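# Architecture and fold: a report
Here's the letter readout for the chains.
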Amino acid sequence: MSSANKNLSSFSTENLPDVSFKRFAIVVAEWNSEITEALFEGAYTTLIDNGVKEENIIRANVPGSFELSYGSQVYAQKHDIDAVIALGCVIQGETKHNDYINHAVAAGLTQVALKYNKPVIFGVLTPNDHQQAVDRAGGIHGNKGDEAAITAIKMLAV
Ligand code: DLZ
């Protein structure tokens, strides 16, 4: 199901693990910051609403989505971090830059998760245009940040 047919902020919260003592890093790309700040708000609020303590959420910024893999690795390797949420927004332009960035980030985050054996969540929007991003950053299709946060929590039960 595409996110056009699914609200990213609607999900089951049954049987979630206790995360009151879990620590999360949220790594945020600064490119398209209007969008990524909305993703951060969504992720942060969802973590808090589901029992994570404020002091157990660490935020780090990186310049662009391409840097999310390295930024996530810095936190994933820390023993006191249980899960990492990577947030970015890569909007399709006139060239294929988005393809290169998206594939690199998807592969990079997967690699970090497997190397450090902990959840590293792909909270990256890959829209065709700005409006599609707005729609998925707290707009009509919900907030990808909410979805990324609940995914991180669910993965801690695996
Ligand atoms: C260069 C670039 C471009 C064109 N577009 C985006 C984008 O839409 N979203 C994003 O997060 N980052 C973009 N970047 C920046 C790259 O991710 C990266 O920061 C630079 O190429 C430097 O490595």
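A short tour of the structure in this document, coming up. Small disclaimer: the values here were computed from a predicted structure and weren't measured.

What counts and what doesn't
- Residues numbered from 1 in each chain as written.
- Predicted model: local features only at pLDDT ≥ 70, side-chain atom pairs only at ≥ 80, totals over all residues.
- Heavy atoms only, no water.
- Phe/Tyr/Trp six-rings, centres within 6.5 Å; stacked < 30°, edge-to-face > 60°.
- Helix = DSSP H or I, 4+ residues; strand = E, 2+ residues; numbered from the N terminus.
- Buried < 20%, exposed > 50% of the residue type's maximum accessible area, 1.4 Å probe, protein only.
- Lys NZ or Arg CZ within 6 Å of the ring centre and 35° of its normal.
- Core = buried A, V, L, I, M, F, W, Y, C linked by side-chain atoms within 4.5 Å.
- Near = heavy atom within 4 Å.
- Polar contact = N/O pair within 3.5 Å; in protein donor to acceptor, adjacent residues only side chain to side chain.
- Areas by Shrake-Rupley, 256 points an atom, 1.4 Å probe, with all protein chains shown as cover.
- Nonpolar A, V, L, I, M, F, W, Y, C, P; charged D, E, K, R; others polar.
- Salt bridge = Lys/Arg side-chain N within 4 Å of Asp/Glu carboxyl O.

What follows concerns the packing of aromatic side chains. If you walk through the whole model with that rule in mind, you get 1 aromatic pair. On the basis of an interplanar angle of 35 degrees and a centroid distance of 5.7 Å, the ring pair of Phe40 and Tyr44 is categorised as tilted. Highlighted residues: Phe40 and Tyr44, both in helix H1 (residues 33-49), separated by 4 residues, approximately one helical turn. Using a relative accessible area of 10% as the deciding quantity, one classes Phe40 as buried. In this arrangement the basic side chain of Lys53 is found over the ring face of Phe21, its NZ or CZ atom lying 3.7 Å from the centre. Directly above the ring of Tyr75 sits Lys78, whose terminal nitrogen or CZ lies 5.7 Å from the centroid.

This brings us to the nonpolar core. Ranked by size, the top nonpolar core spans 25 residues in total, and within it Phe24, Ile26, Ile35, Leu47, Ile85 and Leu87 carry the most contacts. Elements that contribute at least two residues to this core include exactly strand E1 (24-29), H1, strand E3 (83-89), strand E4 (120-125) and helix H5 (144-155). Listed in part, the 18 residues of the second largest apolar core include Ala25, Leu68, Ile81 and Leu109.

Glancing now at the site of the ligand. Close to the ligand lie Trp31, Asn32, Gly64, Ser65, Phe66, Glu67, Cys89, Val90, Ile91, His97 and Ile101, which account for all nearby residues. The contact in question runs from an oxygen atom of the ligand to an N or O atom on the backbone of Gly64, over 3.5 Å. The backbone of Cys89 places a nitrogen or oxygen atom 2.8 Å from a nitrogen atom of the ligand. When the ligand is considered free in solution it has 480 Å² of accessible area, and contact with the protein chains removes 69% of it. For the shell around the ligand, the residue count by class is 6 nonpolar, 4 polar and 1 charged.

Between side chains of opposite charge, a pair can form as their charged atoms come close. Counted by the stated rule, this structure contains 3 salt bridges. Across the pair Arg23 and Asp80 runs a salt bridge, and its minimum N-O distance is 3.5 Å. One end of the pair, Arg23, is in the segment before E1; the other, Asp80, is in the loop between helix H2 (68-76) and E3, with 57 residues separating them in the sequence. For Asp80, a relative accessible area of 44% translates into the label partly exposed.

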